[in-house]
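This is what each chain is made of:
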There are 2 protein chains.
Amino acid sequence: MSSCDTCVVRNRAICSGLDNREIEALNQIGRRRQVTAGEPLIWEDDDSLLVANVIEGVLKLTTSTEDGREQIVGVAYPSDFIGRPFGQTSSASVVALTDARVCVFSRNDFDRFAREHPELEHKLLERTLAELDRTRSWMMLLGRKNASEKIATFLLEMSDRLAETGCTPAFGPAKRFSLPFSRQQVADVLGLTIETVSRQFTKLKNEGVIELPSRREVEIVNRGALVALAG
Amino acid sequence: MSSCDTCVVRNRAICSGLDNREIEALNQIGRRRQVTAGEPLIWEDDDSLLVANVIEGVLKLTTSTEDGREQIVGVAYPSDFIGRPFGQTSSASVVALTDARVCVFSRNDFDRFAREHPELEHKLLERTLAELDRTRSWMMLLGRKNASEKIATFLLEMSDRLAETGCTPAFGPAKRFSLPFSRQQVADVLGLTIETVSRQFTKLKNEGVIELPSRREVEIVNRGALVALAG
DNA sequence: CATCCGCGTTGACGGATGTCAAAAACACAA
DNA sequence: TTGTGTTTTTGACATCCGTCAACGCGGATG
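In this convention, every chain numbers its residues from 1, walking through the sequence in written order. Chain A is the first chain written and ligand 1 is the first ligand written, with later ones labelled in order. Residue-level local features of this predicted model are given only where pLDDT is at least 70; pairs of side-chain atoms are given and counted only at 80 or more, and the full residue set underlies all totals for whole chains, interfaces and linings. The side-chain figures draw on all heavy atoms in the structure; neither hydrogens nor water molecules are used.

Within an unreviewed UniProt entry, the label attached to chain A reads CRP/FNR family transcriptional regulator, and the organism entered is Novosphingobium taihuense.

Quick look at the structure:
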């Protein structure tokens, strides 16, 4: 039996739209892989050797400077596609933020399969276009927003993105959620320092906009205020 | 005769790879359009009604906040594809920086044509993936680089990008070039203010790294220094 | 040639955010 | 529980860059 049959992202990932025979063929070239939190899957500037679908968990895409500064350039959730098909090198590292399960393919195998299956390429194109849109709106945040706008925007985005994943069946944005990021990682997403992130969090807490039940937990108390702050 | 026959980007744009019959069909649904410097082609958040290939000239892709802050999120050169296929709204405005000629399609027509021509979709996918890579490396710049690193990186990128376009048949990066940007637009690319951009330019001039023969002209005198500064 | 106007430059200043350091909170193991 | 190491918070301070304002340059126009 193909493991795709029981795949929880079967109908959301780029594999959706393939018929049973095609799924079977794709299954032949892919394999499941477990990645534990903190473990890297792809290295920046390495030969692009593998691509993958995220089944479960959250991963970060990062680029770094030589002197060690890091910028998180993307976050991959279940059903997202990661890696760089049709290219020699990947421009970002991929590291698991939580324990994760992915469905990996060698890039060569995947490229070949994709070229033979236009429907799959189309799905991948739609996904890539959507990711480009998201990335561009994040450029606005990085280039033109101040720290409090960044934090507000970030919390709202988290509340949207994590709602889809969580058990609550996507009834609008999540009011309370668990961040898959440490403070340092939040800083790396927003182009800030960990201290600034921390100060902005406590400021929002003191103003009664959010609650912070634990390090990773966030509860949005006053969503309207966040929206106003996000600008 | 199809106007594609004489198109200067025929072999670089996504149309390359189509046979004569297909080119003829594509030509049926597209039309040439002249855009003068400063003229908008697509509005942010508008219904995505048209897409286009750039034939000649340079255009900017921008997003703005309600209070008027602007961030340039992409720059389109000849043979680049602009607009948002397969989506309801476009996430960025497109405005010509120089006089430009583009080959426009209604989004609906283009979407339909693309879905029937996997080779075209593949070209578009490769282009979109490359653009996503570029955009992500720009996020690093916006989030983690300081003003002088930003300016140095920008000048090097310009020198590369404009070399391909210029008459000089792409013998490495251009040593001297004419910026398609005003100082304000450079600021909008880099997430800085016009004053900071101006100060950094004169600083580099005083250090003998560049020459500024006129407002728009730049000559790179000491490329090594720029590379070192870019980080 | 004189005037105007947009764009770019320069200067003075302040504030937001980064840096450095220490304390506090938390996680985990013994 | 206690101890140990990590993460987060908080504070003091420095600095880069933004803001505001004046000025200069160059091109267009009459």
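### Here we look at the protein's contact with DNA strand C
In the vicinity of DNA strand C lie 16 residues, with A:Ala147, A:Thr196, B:Ser198, B:Arg199 and B:Thr202 positioned nearest. A molecule or strand has a residue near it when one of that residue's heavy atoms lies within 4 Å. Sugar plus phosphate: this is where 66% of the atoms of DNA strand C within 4 Å of the protein reside. Pairing of N or O atoms within 3.5 Å defines a polar contact, subject to two protein rules: one partner must be a possible hydrogen donor and the other a possible acceptor, and residues neighboring in sequence count only if both atoms are side-chain atoms. The separation between a phosphate oxygen of DNA strand C and a polar side-chain atom of A:Thr193 is 3.1 Å. Here a base nitrogen of DNA strand C and a side-chain polar atom of A:Glu195 are 3.0 Å apart. Looking at the surface near DNA strand C residue by residue, the classes come out as 2 nonpolar, 7 polar and 7 charged. All amino acids are sorted into three groups, where Ala, Val, Leu, Ile, Met, Phe, Trp, Tyr, Cys and Pro are nonpolar, Asp, Glu, Lys and Arg are charged, and the leftover types, Gly among them, are polar.

### Looking at the nonpolar core
The term nonpolar core refers to a set of buried residues drawn from Ala, Val, Leu, Ile, Met, Phe, Trp, Tyr and Cys, joined through side-chain atoms within 4.5 Å. To sort residues, take the accessible area from a 1.4 Å probe on protein chains only and compare it with the maximum for the residue type: under 20% means buried, over 50% means exposed, and anything in between is partly exposed. Core analysis: the biggest nonpolar cluster contains 106 residues, and A:Leu59, A:Leu155, B:Leu59 and B:Leu155 have the highest contact counts within it. Counting 44 residues, the second largest nonpolar core, distinct from the first, contains A:Val51, B:Cys4, B:Val51 and B:Ile55.

### As for the interface of chain A and chain B
By definition, residues are in contact when any of their heavy atoms lie within 4.5 Å. With 42 residues of chain A at the contact, the number on the chain B side is 41 residues. Defined here as a combined quantity, buried area equals the accessible surface (1.4 Å probe) lost by two parts on assembly, summed across both. Surface buried jointly by chain A and chain B totals about 4100 Å² across both partners, of which 60% is contributed by carbon and sulfur atoms. Contact with chain B buries surface across chain A, with A:Arg136, A:Met139 and A:Arg144 losing the most and accounting together for 19% of the total. Here a salt bridge means any side-chain nitrogen of Lys or Arg lying within 4 Å of a carboxyl oxygen belonging to Asp or Glu. Our count for the contact surface shared by chain A and chain B stands at 10 salt bridges. B:Asp133 serves as the salt-bridge partner of A:Arg84, at 2.8 Å between the closest nitrogen and oxygen. Between chain A and chain B we count 24 residue pairs in polar contact (both at pLDDT 80 or more) in total. Helix and strand definitions here come from DSSP, where helices need a minimum of 4 consecutive H or I residues and strands a minimum of 2 consecutive E residues; each element is numbered from the N-terminal end. Counting only elements with at least two residues in the side of chain A that touches chain B, the list comes to strand S4 (59-64), strand S5 (70-76), helix H3 (118-144) and helix H5 (183-190) of chain A. Tallied by class, residues from the side of chain A that touches chain B come to 17 nonpolar, 11 polar and 14 charged.

### Let's talk about the pattern of salt bridges
All names here are of chain B. Enumeration over the complete set of coordinates arrives at 40 salt bridges over all chains. Close ionic contact of Glu 70 with Lys 60 constitutes a salt bridge, the shortest N to O distance being 2.9 Å. Taken together, the residues span a long stretch of sequence, with Glu 70 in strand S5 (residues 70-76) and Lys 60 in strand S4 (residues 59-64) at a distance of 10 residues.

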